[in-house]
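One letter stands for each residue in the lines below.
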Amino acid sequence: MSTSQSRRLPPTLEEVAAAAGVSRSTVSRVVNGSTRVSPEVLANVTRAIDELHYVPNRMARSLANRQTMAIALVVPEETTRFFGDPYFASIVDGIARALRPSDYVLNLQFASPGALSEKTVRYLLGGNVDGALVVSHHSGNHFLASLGHSLPVVFGGRPLHPDEQPSHYVDVDNVAAADMGTRYLIDQGRQRIATITGSADMPAGIDREAGWQRAMERAGLRTDLVARGDFSMASGARCMRSLLDRSPGLDAVFVASDLMATGAVSVLRERGRAIPSDVAVVGFDDSPVAIGGEVELTTVFQPSVEMGEAMAHMLLAMLRGEEPEPVQIMPTRMVVRESA
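Let me sum up the structure you'll find in this document. (Residues numbered from 1 in each chain as written. Predicted model: local features only at pLDDT ≥ 70, side-chain atom pairs only at ≥ 80, totals over all residues. Heavy atoms only, no water.)

**Points about the environment of glycine 198**
Part 1 of the argument: Relative to the helices and strands, glycine 198 is located in the loop between strand S6 (193–197) and helix H10 (203–218).
Part 2 of the argument: A relative accessible area of 2% places glycine 198 in the buried class.
Part 3 of the argument: Measuring from C-alpha to C-alpha, the distance between glycine 198 and serine 235 comes to 9.2 Å, with 37 residues separating the pair along the chain.
Part 4 of the argument: In this structure glycine 198 touches Gly205, Gly229, Phe231, Ala256 and Met260, once residues within four positions along its chain are discounted. (Helix = DSSP H or I, 4+ residues; strand = E, 2+ residues; numbered from the N terminus. Buried < 20%, exposed > 50% of the residue type's maximum accessible area, 1.4 Å probe, protein only. Contact = heavy atoms within 4.5 Å.)

**Overview of the side chain of threonine 195**
Part 1 of the argument: Within the secondary structure, threonine 195 is located in strand S6.
Part 2 of the argument: Not counting residues up to four positions away in its chain, the partners in contact with threonine 195 are Trp212, Leu225, Val226, Ala227, Leu243, Val253 and Phe254.

**Looking at the pairing of strand S1 (residues 70–75)**
Part 1 of the argument: In terms of burial, S1 is largely enclosed, as six of its six residues are buried.
Part 2 of the argument: Judged by which residues are buried, S1 turns out to be covered on both faces: Ala70, Ala72 and Val74 on one side and Ile71, Leu73 and Val75 on the other are all buried.
Part 3 of the argument: Judged from the four bridges that link them, S1 and strand S3 (residues 131–135) form a sheet pairing that is parallel. Looking at the pairing, isoleucine 71 lines up with glycine 131 of S3. (Pairing = 2+ DSSP bridges.)

**Notes on the packing of helix H6 (residues 86–99) against helix H13 (residues 304–319)**
Part 1 of the argument: Interhelical geometry of H6 versus H13 gives an angle of 45° and a closest axis separation of 7 Å. It follows that H6 is oblique to H13 by the angle criterion. In this structure, the crossing between H6 and H13 has a hand that is right-handed. Contacts between H6 and H13 involve Tyr87, Ser90, Ile91, Asp93, Gly94, Ile95, Arg97, Ala98 and Leu99 on the former and, on the latter, Ser304, Val305, Met307, Gly308, Glu309, Ala312, His313 and Leu316.
Part 2 of the argument: Broken down by class, the residue content of the contact of H6 with H13 amounts to nine nonpolar, five polar and three charged. (Axes fitted to C-alpha atoms, helices over the stretch in contact; angles between N-to-C directions. Parallel < 35°, antiparallel > 145°, perpendicular 65-115°, else oblique. Left-handed = near helix turned anticlockwise from the far one by under 90°. Nonpolar A, V, L, I, M, F, W, Y, C, P; charged D, E, K, R; others polar.)

So, in structure tokens, the structure goes:
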């Protein structure tokens, strides 16, 4: 036997589905003993399973129901970021609410923003969980892009590369939301509007910058006042200093998260700028930090708790063998306070 033959990966649910001419979820129902399939479909799937020698890779499932009753929440961030950003608390709150009536428990898995450890990969694919929820994914997380081929998975946020990744996700329209936040500043008569972006390797960071740029171009305003942050408060402060050094006369800033906006506000006050008369500030999230500082933030509201709930409900439906709508886009709106 050749090396390539000996290392051939076992067939996947997708391959069985293709051979049987049915959907992945239909194969899942057959494998898990569901009676919600017709005799003809059952025969086709069973034949494909036999021909491909497919064996479900869930060794850790109990003999009684072949399920672990565990779901992994995968967070490709450092722990300091996770526990320091209210966005994550809101998402977890929503997930917990959705899972509370079920028998599923939630396992938290941290990973490097750049790449998952072998231990995390082994855990996720070793039959330890029935499905996974992924939040805050980065472009370097190549394994996460293909995780859905081996495990039911729902992402919080659109895929960075849709052609590489199954499309079950919950998100807001970040481009339209950032456009709305920037237009609010434009409508207030602001002319020199800067932006502090989120991480450039994350969909939310990319899309919110694109929304700011779209609104600025539509209004015929300059689009060079850009500073790149990473969604942390420290980066918001650093970027605000850089923008003021480059353009002391700027009169507004759209910031891609409330946490970064809080850092920006501290620097504006440090530099003696009155908010909002000298510089108006719009954040994003409407998280608790928006009302926790000396200046309450005008911000773009996104329903983070409800997004967590929607992610969990979508995954639960998949685990039941159902076919939920693969994409759910949640509404956003402006929340006007002191800063703009």
